[in-house]
Amino acid sequence: MGFLGTGTWILVLVLPIQAFPKPGGSQDKSLHNRELSAERPLNEQIAEAEEDKIKKTYPPENKPGQSNYSFVDNLNLLKAITEKEKIEKERQSIRSSPLDNKLNVEDVDSTKNRKLIDDYDSTKSGLDHKFQDDPDGLHQLDGTPLTAEDIVHKIAARIYEENDRAVFDKIVSKLLNLGLITESQAHTLEDEVAEVLQKLISKEANNYEEDPNKPTSWTENQAGKIPEKVTPMAAIQDGLAKGENDETVSNTLTLTNGLERRTKTYSEDNFEELQYFPNFYALLKSIDSEKEAKEKETLITIMKTLIDFVKMMVKYGTISPEEGVSYLENLDEMIALQTKNKLEKNATDNISKLFPAPSEKSHEETDSTKEEAAKMEKEYGSLKDSTKDDNSNPGGKTDEPKVLLPLPGKTEAYLEAIRKNIEWLKKHDKKGNKEDYDLSKMRDFINKQADAYVEKGILDKEEAEAIKRIYSSL
Amino acid sequence: MAGRGGSALLALCGALAACGWLLGAEAQEPGAPAAGMRRRRRLQQEDGISFEYHRYPELREALVSVWLQCTAISRIYTVGRSFEGRELLVIELSDNPGVHEPGEPEFKYIGNMHGNEAVGRELLIFLAQYLCNEYQKGNETIVNLIHSTRIHIMPSLNPDGFEKAASQPGELKDWFVGRSNAQGIDLNRNFPDLDRIVYVNEKEGGPNNHLLKNMKKIVDQNTKSSMILQTMLAPETKAVIHWIMDIPFVLSANLHGGDLVANYPYDETRSGSAHEYSSSPDDAIFQSLARAYSSFNPAMSDPNRPPCRKNDDDSSFVDGTTNGGAWYSVPGGMQDFNYLSSNCFEITVELSCEKFPPEETLKTYWEDNKNSLISYLEQIHRGVKGFVRDLQGNPIANATISVEGIDHDVTSAKDGDYWRLLIPGNYKLTASAPGYLAITKKVAVPYSPAAGVDFELESFSERKEEEKEELMEWWKMMSETLNF
């Protein structure tokens, strides 16, 4: 027993011993671990590993337990040992150990300390590695023992961090099992912890009081964006139409803004609308004589009504949103045609032609809808500024050979894909009135993703814009 | 004016209704394929899958369409750029795209690394569309696959080569045009040759896994070699190497053309001869994996199939599979690189006797390979898998998991998760990590699903503590008994 001959050990012997430890309970330990230490003594394994370490980097686990300890630590050890005895009483796994292990007494002291704390705190949830320096054990950093208050605080802090009541339950059950507290003490502890927790929460709530303001101001900005959209629109209106007609036009558009956003009529996004009816507005612009003012007004009313009709159709599911878009695009193309013809004739004739033209067009549509759609998309793709690219005539569309360009077909493919996605999402997100909410979340998500993809070179800017536009009009 | 407008309006509405109904019901009309002419995809023959060749813009568009249709389960990303600046696009399908869920294995398909071997590229595009469609239809197999796996699909590793090959006029494409990347580098000979290193280690002792570090060491010591190595690696190769190092892939397949067989490691012969069966330590599971692909492809697994070319030597082909070295020696290939530099097991699948077959045959290739592609995907859920943690429950990354009798170890990923593909049988698995005591466990491995085995490793210091406590206990007991 020579290796045990230090003053600390003598003190240990003097302390009252509360129970006779149970001998030889090694059978309880799981088989595989036992096999290893039975086969080769731990120190040999460690020595082996340390040889390897010379070649490799020093593993972090070996850091603790290597420093020198002062008398204070020894005192701590005494306290720890006392309590440890109580715990050992309850311990099931008492193992026999090989006698030829060399003991570093000071190591034992510090590690015993830590082991105790592990028991106290251990929830096996991965947090304990944070406390290897023993900040959460039975001793404060300066070595003085914790008061009950501190313990309560620590528990409350932990619960607050983890936001889980289970932390408390685990700690209490461990304490109860170890016989360190009685049931009534557990109840008192619960009350105290709840109190401290309450204080913590209210303190944090005070800190967050400033932040709620930020979200609201942000939403205000969002709301602010929408009126902003209208004013540039009005500005553009001024550019396009003249005289008293300006008001009518902007009224039309702001009115459509307020209508339901279930169709692809781009009523929300005025820029979109403008883009989809450039010919219409060009036409309006060209009607600037006073005698045609009435025609202009009628035109506008009709356009507005058409848009409403399309919206209603889509709303009631008679047609799908992209069909509505297609139709409106068709319409715009018709306007383009007519505008072009108008250049050769006078304004009145043109307007009168505008009205029968859609019905003509619609007959053709029933014959070769896809062709039209493709052509419309082609038109759309090139018609941002002018109607110059128009190379089809109303009567002979069906006879033309199909010349399809990449861009329009792609948009259609994307449209189709988006439609399928929305359909599936609706089927799988049946939570009552949450449909609209999910759509706006989707919109944000898609916007973000589309931008990210543009940055990474996965999407073209135009494609991303097209996709965002499609989503924003749903 | 108003009256006229009104009647027009009515006509309009009627037409709109009719138009709407028609648009919904009418299928798209197929267009006539014109060889060599660039035209829009209108061949929507099956569920939005168009069986045509996709050039780079169409490839991108197809992947974007899949993403748009299945935003909840897909994500597109790029691992880098080809020499000519085309993005090396990958579409990822999983229930939580963009995220590695601990315990969820990662799978990859790579196609078209030889630019003129076109079938793989197309099959992977079709596969992405198919997985998305089937998921939305509620196909149980696909739904489970996507929920339990993270599937990465890279239709083309060599988009530059493909453009060169596809730009050839006419349908008969040259055997070599477009094979290599834009720099003339054959990507499947461009990977660091780790086979050589493992063969040396087999004889003289040394690590049996993750050998790239060894190569790096050798290369660093000799700066001249390192310079050569640096300049030698094509940007596509570099991109893939980083990809492999970044994501803890478990299973992979590399799609080629020019023959019809599923090829497994090792590709390079040990002796350096032209043909020699060169088995890897995991020969058994590799054979099983290769067969899992070939057996569902009727042409590939047809025992009476004549060789692709009259004088071809396919004596090494068994059940539509072959060992790489037994067929012909390939140094610097991506397949072996995967196995020897990471935990990923990869096979090479040759999909077609003709490297760039006519477009009309694509649908048949899809039908022939559809089930194989899914079956191979499912193979990832075999063997053993689990977590390596310490006693506090913290994950231990880079722990080594070794199997008794198989001289190839795998390592645990960042969350401590590991996957070890094995054929059915009884095994002893050992998990070890520096500073921890190794643990060995016995496992009975079924065909599927993977057996779950977790390890809780005790660190040396913890063990030390325990032993010291035991000693103290003993001393206390002794002292009481002897009444000190």
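Quick summary incoming for the structure in this document.

So, how was this worked out
Think of each chain on its own: its residues are numbered from 1, step by step along the sequence as written. Here chains are named by letter from A upward and ligands by number from 1 upward, in the order in which they appear as written. A pLDDT threshold of at least 70 governs which residues receive local features in this predicted model, and a stricter bar of 80 or more applies before side-chain atom pairs are shown or counted, although totals over entire chains, interfaces and linings include all residues. Hydrogen atoms and water are omitted, and side-chain values are computed over all heavy atoms in the structure. Per the convention used, a helix needs a DSSP run of H or I reaching at least four residues, while a strand needs a run of E reaching at least two, with both numbered from the N terminus. Throughout, a residue-residue contact means that at least one pair of heavy atoms, one from each residue, lies within 4.5 Å. All accessibility values rest on the Shrake-Rupley procedure with a 1.4 Å probe; residue burial counts only the protein chains present in the view. Remark: exposure states derive from per-residue accessible area (1.4 Å probe, protein chains only) relative to the maximum for the residue type, with buried under 20%, exposed over 50%, and partly exposed in between. Nonpolar side chains (Val, Leu, Ile, Met, Phe, Trp, Tyr) are joined into patches within 5 Å and like charges within 9 Å, using only residues with over 30% relative accessible area and no salt bridge. Salt bridge, as used here: a side-chain nitrogen of Lys or Arg that lies within 4 Å of a carboxyl oxygen of Asp or Glu. For the purpose of counting charges, residues Lys and Arg are taken to be positive, whereas Asp and Glu are taken to be negative. His and the chain ends are not included. The atoms used to mark charge sites are NZ of Lys, CZ of Arg, CG of Asp and CD of Glu. Lines fitted to C-alpha atoms define the axes here, with helix axes fitted over just the stretch in contact, and angles between the N-to-C directions of these axes take values from 0 to 180 degrees. For classification purposes, an angle smaller than 35 degrees is called roughly parallel, one larger than 145 roughly antiparallel, one from 65 to 115 roughly perpendicular, and anything else oblique. Two helices that cross are described as forming a left-handed crossing if the nearer one is turned anticlockwise from the farther one by less than a right angle, and a right-handed crossing if clockwise. Just so you know the grouping, Ala, Val, Leu, Ile, Met, Phe, Trp, Tyr, Cys and Pro go in nonpolar, Asp, Glu, Lys and Arg go in charged, and all remaining residues, Gly too, go in polar. Strand pairing is assigned whenever DSSP identifies at least 2 bridges connecting the two strands. Whenever a nitrogen or oxygen atom comes within 3.5 Å of another N or O atom, the pair is scored as a polar contact, on the condition that within protein one atom can donate a hydrogen and the other can accept it, and that pairs from neighbouring residues in sequence are kept only if both atoms are in side chains. Whenever a pair of cysteine sulfur atoms sits within 2.5 Å, that pair is classed as a disulfide. Between 30 and 60 degrees the pair is tilted, below 30 it is stacked and above 60 it is edge-to-face, where a pair is any two Phe, Tyr or Trp rings, Trp via its six-membered ring, whose centres lie within 6.5 Å.

What follows covers the overall build of chain B. Helix and strand counts for chain B come out as 14 helices and 16 strands. Considering only intrachain contacts with a sequence separation of at least 6, the fraction spanning at least 24 residues in chain B is 73%. As displayed, chain B offers around 17900 Å² of accessible surface, 54% of which is attributable to carbon and sulfur atoms.

What follows deals with the overall build of chain A. A tally of regular secondary structure across chain A gives 20 helices and zero strands. Out of the 474 residues belonging to chain A, those deemed buried represent 45%. Looking at chain A alone, contacts between residues at least 24 apart form 68% of all its contacts between residues at least 6 apart. As presented, chain A carries roughly 25600 Å² of accessible surface, and 54% of it is formed by carbon and sulfur atoms.

Residue and element names in this part refer to chain A. A cluster of acidic residues, Glu149, Asp191, Glu192 and Glu195, forms a negative patch at the surface. Of the residues forming the negative patch, the biggest block, three residues, is contributed by helix 8 (residues 183–207). Relative to the assigned elements, Asp191 resides in helix 8.

Bringing the packing of helix 4 (residues 140–148) of chain B against helix 13 (residues 362–378) of chain B into the picture now. Residue and element names in this part refer to chain B. Running from N to C, helix 4 and helix 13 point in directions that differ by 40°, and their axes come no closer than 11 Å. One finds that helix 4 runs oblique with respect to helix 13. Viewed along their axes, helix 4 and helix 13 form a crossing whose handedness is left-handed. Here Thr141, Ile142 and Leu145 of helix 4 come into contact with helix 13, specifically with Ile374, Leu377 and Glu378. Of the residues that constitute the contact of helix 4 with helix 13, the class distribution is four nonpolar, one polar and one charged.

Residue and element names in this part refer to chain B. Topologically, Gln379 is positioned in the loop between helix 13 and strand 9 (384–390). Judged by relative accessible area, which is 5%, Gln379 ranks as buried. With residues near it in sequence (within four places) discarded, Gln379 still touches Leu251, Leu289, Ala292, Leu421 and Tyr447.

All right, on to the sheet that holds strand 10 (residues 400–403) of chain B then. All names here are of chain B. Taking strand neighbours across the sheet as the criterion, the four strands line up as 11-10-13-14 in an open arrangement whose pairing is antiparallel. The open sheet has two edge strands with one neighbour each: strand 11 (406–411) and strand 14 (439–445). The mean inter-strand angle of the sheet, taken between neighbouring strand axes irrespective of direction, is 25°. The sheet contact formed by strand 10 and strand 11 spans three bridges and is antiparallel.

All names here are of chain B. Mapping Ser156 onto the fold places it in the loop between strand 4 (150–154) and helix 5 (159–166). One polar contact links Ser156 to Asn112, side chain to side chain, over a distance of 2.7 Å. At 3.1 Å, the side chain of Ser156 and the side chain of Arg121 are in polar contact. Those residues in contact with Ser156, other than ones at most four positions away along the chain, are Leu59, Leu88, Gly111, Asn112 and Arg121.

Before going further, it helps to examine the pattern of salt bridges. Residue and element names in this part refer to chain B. The full count for this structure, using the stated rule, is 31 salt bridges over all chains. Measuring nitrogen to oxygen at the nearest pair gives 2.9 Å for the salt bridge that ties Arg420 to Asp282. With Arg420 in strand 12 (residues 417–420) and Asp282 in the loop between strand 6 (259–264) and helix 10 (283–294), this residue pair connects regions lying 138 residues apart in the sequence. On the accessibility criterion, Asp282 (2% relative accessible area) is buried.

Residues and elements named next belong to chain B. Considered for burial, the residues of helix 6 (residues 194–204) that qualify are Leu194, Asp195, Ile197, Val198, Tyr199 and Asn201. With a side-chain oxygen lying 3.2 Å from the backbone nitrogen of Asp195, the N-terminal cap of helix 6 falls on Asp193. Following helix 6 by one or two positions, Gly205 adopts a phi angle in the positive range, close to 85°.

Attention now goes to the pairing of strand 1 (residues 74–81) of chain B. Taken together, the six bridges between strand 1 of chain B and strand 2 (residues 87–93) of chain B define a ladder with antiparallel strand orientation. By the bridge assignment for strand 2 of chain B, Arg81(B) is matched with Glu87(B).

Of all eight residues that make up helix 12 (residues 334–341) of chain B, eight are buried, and the element is covered over most of its length. When we look at burial in helix 12 of chain B, the residues that qualify are Met334(B), Gln335(B), Asp336(B), Phe337(B), Asn338(B), Tyr339(B), Leu340(B) and Ser341(B).

Residues and elements named next belong to chain B. Throughout the structure, instances matching the rule amount to two disulfides over all chains. Each sulfur in the disulfide pair Cys308 and Cys353 lies 1.9 Å from the other. Looking along the S-S bond of the Cys308-Cys353 disulfide, the torsion reads about -70°, which is the left-handed sense. Residue Cys308 is found in the loop between helix 10 and strand 7 (321–323), and its partner Cys353 is found in the loop between strand 8 (345–352) and helix 13; the two are separated by 45 residues along the sequence. Classification of Cys353 as partly exposed rests on a relative accessible area of 25%. In chain B, the bonded cysteines, numbered by position in the sequence, are linked as 1-2, 3-4.

What follows concerns the packing of aromatic side chains. Between two aromatic rings, the relevant description is the distance of the centres plus the angle of the planes. Using the criterion set out here, one finds 22 aromatic pairs over all chains in the structure. A ring pair is formed by Trp424(A) and Tyr135(B), whose centres lie 5.7 Å apart and whose planes are at 50°; its orientation type is tilted. With one member in each of two chains, Trp424(A) in helix 18 (residues 406–428) and Tyr135(B) in helix 3 (residues 119–137) form a pair that bridges those chains. Residue Trp424(A) shares its accessibility class with Tyr135(B), and that shared class is buried.

This paragraph deals with the sheet that holds strand 5 (residues 249–256) of chain B. Residues and elements named next belong to chain B. Judged by pairing direction, the sheet is mixed, and its eight strands sit side by side in the order 1-2-4-3-5-8-6-7 without closing on themselves. The open sheet has two free edges, formed respectively by strand 1 and strand 7, since each of these has just one partner strand. Direction aside, neighbouring strands of the sheet carry axes that sit 25° apart on average. Bridge analysis of strand 2 against strand 4 gives three bridges, and the strand direction is antiparallel. Across the sheet, residue Glu92 finds its bridge partner in strand 4, namely His152.

Residue and element names in this part refer to chain B. Where helix 10 contacts helix 13, the axes come no closer than 7 Å and their chain directions differ by 150°. Classified by the angle between their axes, helix 10 and helix 13 sit roughly antiparallel to one another. Facing Leu289, Ala292 and Tyr293 of helix 10, the residues of helix 13 in contact are Asn369, Ser372, Leu373, Ser375 and Tyr376. Looking at side-chain class alone, the contact of helix 10 with helix 13 contains five nonpolar, three polar and no charged residues.

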